[in-house]
Amino acid sequence: MASSLKGPTPQQHDGSALRIGIVHARWNSTIIEPLLKGTKDKLLACGVKEKNIVVESVPGSWELPIAVKSMYSASQVQASSAGGGSAGDLLASSTTDLTALSSSTASAPFDAIIAIGVLIKGETMHFEYISDAVSHGLMRTQLDLGIPVIFGVLTVLNDDQAKARAGLLSGSHNHGEDWGSAAVELGVKRGA
Ligand SMILES: O=Nc1c(NC[C@H](O)[C@H](O)[C@H](O)CO)[nH]c(=O)[nH]c1=O
């Protein structure tokens with residue numbers, strides 16, 4: 001595969017004090033799973049503690065913006081009732097269920113939330129409408145809430161494009177690693 005000029009120039013940041021949320025869709029799970037693994041592996045490699053990575057799932061990408069907002073709001077409520085504290089200091093709650101998060105005994109605010117989804121073009125305009133709505137919804141969510149929301153939504157035209165961006169093809173790169181790096185960088189800079 002020809003080398004490309006595209007791609008981020010990552011920086012090195014210490015994620016050991018961060019608490020990161022991940023919300024992922026379950027549509028196209030054979031692509032979602034490697035993206036999720038690449039994201040988590042990068043977070044851990046940057047020093048984020050396993051207990052400070054909270055993962056939840058929703059049916060599809062359309063639900064990502066509201067799920068990000070729910071995850072953020074639930075942790076804010078829990079953190080304020082637990083006496084605040086910087087993110088990552090308090091024991092994290094790990095949950096796979098939005099409602100479970102809101103009932104967790106202790107959680108800290110998130111420093112960044114990563115939204116992961118895979119949209120693959122079909123024979124209708126469904127792809128275009130969801131892609132547009134989700135991208136605008138996630139951007140609005142991060143600006144409204146003042147928390148970095150990392151855009152981890154693939155909008156691809158065919159299965160091979162999806163596989164390539166999940167690192168499943170020879171010589172291809174897992175974009176989840178970029179999303180993990182971005183979450184740590186923005187989380188650190190936000191708290192600086
Ligand atoms: O249609 N294709 C896709 C999709 N549709 C479901 C949608 O996100 C939502 O969950 C339902 O409409 C219910 O609200 N969701 C994806 O993540 N990827 C797709 O490729």
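Bear in mind the structure is a predicted one, so any value in this text is a computation, not a measurement.

1. Observations concerning the overall build of the protein chain
- For the protein chain, the helix and strand inventory stands at six helices and four strands.
- Classification of the 192 residues of the protein chain by burial places 45% in the buried group.
- Summarising the internal contacts of the protein chain: among those between residues at least 6 apart in sequence, 80% fall at separations of at least 24.
- Only carbon and sulfur atoms are counted for the fraction: they give 56% of the accessible area of the protein chain, which is about 9,800 Å².

2. Some remarks on the site of the ligand
- Near the ligand, the surroundings consist of W27, N28, G60, S61, W62, E63, V118, L119, I120, H126 and I130.
- One of the side-chain N or O atoms of N28 is found 3.4 Å from an oxygen atom in the ligand.
- Contact distances for the ligand include 3.4 Å between an oxygen atom and a backbone N or O atom of G60.
- Considering the ligand on its own, with 450 Å² of exposed area, one finds that the protein chains cover 76% of that surface.
- Spatially, the ligand is embedded in the second largest pocket.
- Among the secondary structure elements, those contributing two or more residues to the shell around the ligand are β3 (112–120) and α4 (126–145).
- In terms of residue count, β3 provides more of the shell around the ligand than any other element does, three residues in total.
- A class-by-class count of the residues in the shell around the ligand yields six nonpolar, four polar and one charged.

3. Considering the confidence of the model for the protein chain
- Residue-level pLDDT values for the protein chain average 88, and 85% of them are 70 or greater.
- Of the regions scoring below 50 in pLDDT, residues 84–106 engages in 55 contacts with residues more than four places distant in sequence or in other chains.
- Across the interfaces of the predicted complex, the ipTM metric reaches 0.98, alongside a pTM of 0.87.

4. Some points on the layout of surface pockets
- In this structure, the second largest pocket spans a volume of roughly 280 Å³.
- W27, L119, I120, H126 and I130 are the residues nearest the centre of the second largest pocket, which is lined by 15 residues in total.
- When grouped by side-chain class, the residues that make up the lining of the second largest pocket number seven nonpolar, six polar and two charged.

5. Notes on the nonpolar core
- Counting 24 residues, the largest nonpolar core has I20, I22, L35, L43, I114 and I116 as its most contacted members.
- Residue assignment for this core shows that the elements contributing at least two residues are β1 (20–25), α1 (29–45), β2 (53–58), β3, β4 (149–156) and α6 (175–191).
- It is α1 that provides the largest number of residues to this core, a total of five residues.
- Discounting chain neighbours no more than four positions away, the residues touching I20 are L43, V48, N52, I53, V54, F110, A112, I114 and A183.
- Counting 20 residues, the second largest nonpolar core, distinct from the first, contains V68, M71, L119 and F127.

6. Considering α4
- Under the 1.5 Å per step criterion, the end-to-end length of α4 is 28 Å for 20 residues, consistent within 8% with the ideal 28 Å.
- Among the residues of α4, F127, I130, S131, V134, G137, L138, T141, Q142 and L145 are the ones counted as buried. Within α4, the buried residues cover an arc of 145° as seen down the axis, which keeps them to one side. Facing away from the buried side of α4 by over 90 degrees, the exposed positions are Y129, H136, R140, L143 and D144.

7. Digging into the pattern of salt bridges
- Overall, the coordinates contain five salt bridges when judged by the stated rule.
- Salt-bridge contacts for E50 lead to K40; the nearest nitrogen and oxygen are separated by 4.0 Å. You can see E50 sitting in the loop between α1 and β2 and its partner K40 sitting in helix α1, a full 10 residues away along the chain.

Cut-offs applied
- Residues numbered from 1 in each chain as written.
- Predicted model: local features only at pLDDT ≥ 70, side-chain atom pairs only at ≥ 80, totals over all residues.
- Heavy atoms only, no water.
- Helix = DSSP H or I, 4+ residues; strand = E, 2+ residues; numbered from the N terminus.
- Buried < 20%, exposed > 50% of the residue type's maximum accessible area, 1.4 Å probe, protein only.
- Contact = heavy atoms within 4.5 Å.
- Areas by Shrake-Rupley, 256 points an atom, 1.4 Å probe, with all protein chains shown as cover.
- Near = heavy atom within 4 Å.
- Polar contact = N/O pair within 3.5 Å; in protein donor to acceptor, adjacent residues only side chain to side chain.
- 1 Å grid on protein atoms, 1.4 Å probe; cavity = no way out; pocket = protein on both sides within 12 Å on 5 of 7 lines; lining within 4 Å.
- Sits in = over half its atoms within 2 Å of the grid points.
- Nonpolar A, V, L, I, M, F, W, Y, C, P; charged D, E, K, R; others polar.
- pLDDT = per-residue confidence, 0-100.
- Points joined across faces, edges and corners; volume = space filled by probe spheres on them.
- Core = buried A, V, L, I, M, F, W, Y, C linked by side-chain atoms within 4.5 Å.
- Expected span 1.5 Å × (residues − 1).
- Arc of directions from axis to C-beta.
- Salt bridge = Lys/Arg side-chain N within 4 Å of Asp/Glu carboxyl O.

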